[in-house]
Amino acid sequence: MNPILVALDVESAAKAVALADSLRGSVGGFKIGKQLFTAAGPAMVRELTSKGDRVFLDLKFHDIPNTVAGAVQSAVATGAWMVNVHASGGSAMMKAAAESARNAAAALDRPRPLVIAVTVLTSMDNKALDEIGVTRPVLDQVVHLAKLAKTSGLDGVVASPQEVTAIRLACGPDFQIVTPGIRPADQQAKDDQARTLTPAEAMTAGASFLVIGRPITAAANPREAAEKISATLP
Ligand code: C5P
């Protein structure tokens, strides 16, 4: 499948639906995050999944295991294809998320969603980690949490392009690595993304999926932009 997941970071269902309608068939799926979900809710997710779209529901659950299991169950009911949790919620929480995804999908007789983990937010540096009592360097903590996600039964992680190689090495070929912070070669150093890779570089480094927002959604012709990026992929 096409590895591009387009981040629908817009404020209304109408805008998200228009974007998805214009991009359908040229990308692998869509990411719905906290902004759009808080504005448009599960109906937004269902609207896309009912049209056959793969939806990565990026709500980064982080709570006690029972609550996260319930949230994952609700996510499965929307038809989401991928959901995520914070690895720092611990192995019991991640195991509960994975088990809930399996059980809820079986009850509805549909494929279970991929459940992946956020390791360390890319907005955090060594100093920010130290502040919350984590004294390891960021990359060590990222790899530590990626391994914990794997042994807890999760399918993969969200990771910055700079982390892909180390995670691929530590977690093996079947682990899903979803990578934001992607900028096409002619759009490097754009927006607020500081450390970016091109789509081709990220795939070569070992990414499974690329989350791409503004390079596609802010283009004059989003479909053309998506097709142009797809053509550069290895
Ligand atoms: O527009 P852009 O391509 O920067 O969008 C990237 C998307 O990936 C946004 O939805 C952003 O919130 C998300 N993201 C990110 N960096 C992370 C995790 C998620 O940019 N480390």
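Quick note: structure is the one above.
In this report, we go over the structure that sits alongside the text.

What counts, and at which threshold
- Residues numbered from 1 in each chain as written.
- Predicted model: local features only at pLDDT ≥ 70, side-chain atom pairs only at ≥ 80, totals over all residues.
- Heavy atoms only, no water.
- Helix = DSSP H or I, 4+ residues; strand = E, 2+ residues; numbered from the N terminus.
- Expected span 1.5 Å × (residues − 1).
- Contact = heavy atoms within 4.5 Å.
- Pairing = 2+ DSSP bridges.
- Axes fitted to C-alpha atoms, helices over the stretch in contact; angles between N-to-C directions.
- Near = heavy atom within 4 Å.
- Polar contact = N/O pair within 3.5 Å; in protein donor to acceptor, adjacent residues only side chain to side chain.
- Areas by Shrake-Rupley, 256 points an atom, 1.4 Å probe, with all protein chains shown as cover.
- Buried < 20%, exposed > 50% of the residue type's maximum accessible area, 1.4 Å probe, protein only.
- Right-handed = clockwise from strand over helix to strand, strands pointing away.

For the rest of this paragraph, the subject is helix α4 (residues 91–108). Its 18 residues give α4 an end-to-end C-alpha distance of 26 Å, which sits within 8% of 26 Å, the value for a rise of 1.5 Å per residue. Next to the buried residues of α4 lie β3 (55–61), α3 (65–77), β4 (82–86), β5 (114–118) and α6 (138–151).

Another aspect to go through is the sheet that holds strand β7 (residues 176–179). Taken in spatial order, the 8 strands line up as β1-β2-β3-β4-β5-β6-β7-β8 and close into a barrel, and their pairing is parallel. Strand-to-strand, the axes of this sheet are offset by a mean angle of 25°, without reference to chain direction. Both β5 and strand β6 (residues 156–158) contribute to a ladder of 3 bridges, which runs parallel. Of the residues in β6, the one forming a bridge with V118 is V158.

Near the ligand, the surroundings consist of A7, D9, K31, T122, P180, R183, Q193, V211, I212, G213, R214 and P215. Between the ligand and the protein, one listed contact pairs an oxygen atom with a side-chain N or O atom of D9 at 2.7 Å. At 2.5 Å from a nitrogen atom of the ligand is found a side-chain nitrogen or oxygen belonging to T122. Isolated, the ligand exposes 460 Å² of accessible area, and the fraction of that covered by the protein chains is 78%.

Right, let's get into the environment of T38. Counting through the fold element by element, T38 comes out in helix α2 (residues 34–49). When its relative accessible area of 68% is taken as the criterion, T38 is described as exposed. Residues T38 and D186, 148 residues apart in the sequence, show an inter-C-alpha distance of 33 Å. A polar contact of 2.6 Å, which involves the side chain of T38, links it to the backbone oxygen of K34.

A few words on the pairing of β7. Across 3 bridges, the pairing between β6 and β7 is parallel. Residue pairing for β7: V158 is matched across the bridge by V178. Once the chain exits β6 it traverses helix α7 (residues 164–171) before rejoining the sheet at β7, and the crossover so formed is right-handed. Of the pairings in the sheet, the one linking β7 to strand β8 (residues 209–212) comprises 2 bridges and is parallel in character. Bridging from a neighbouring strand, T179 pairs with L210 of β8.

You will see that K60, though not glycine, has its phi angle at about 45°, which is positive. With respect to the element layout, K60 can be found in strand β3. A residue is classified by how much of its surface remains accessible, and K60, at 23% relative accessible area, is partly exposed. Located in the positive-phi region is D109, a residue other than glycine, with phi close to 55°. Locating D109 in the fold gives a position in the loop between α4 and β5. Look at D109 and you get exposed, because its relative accessible area is 71%.

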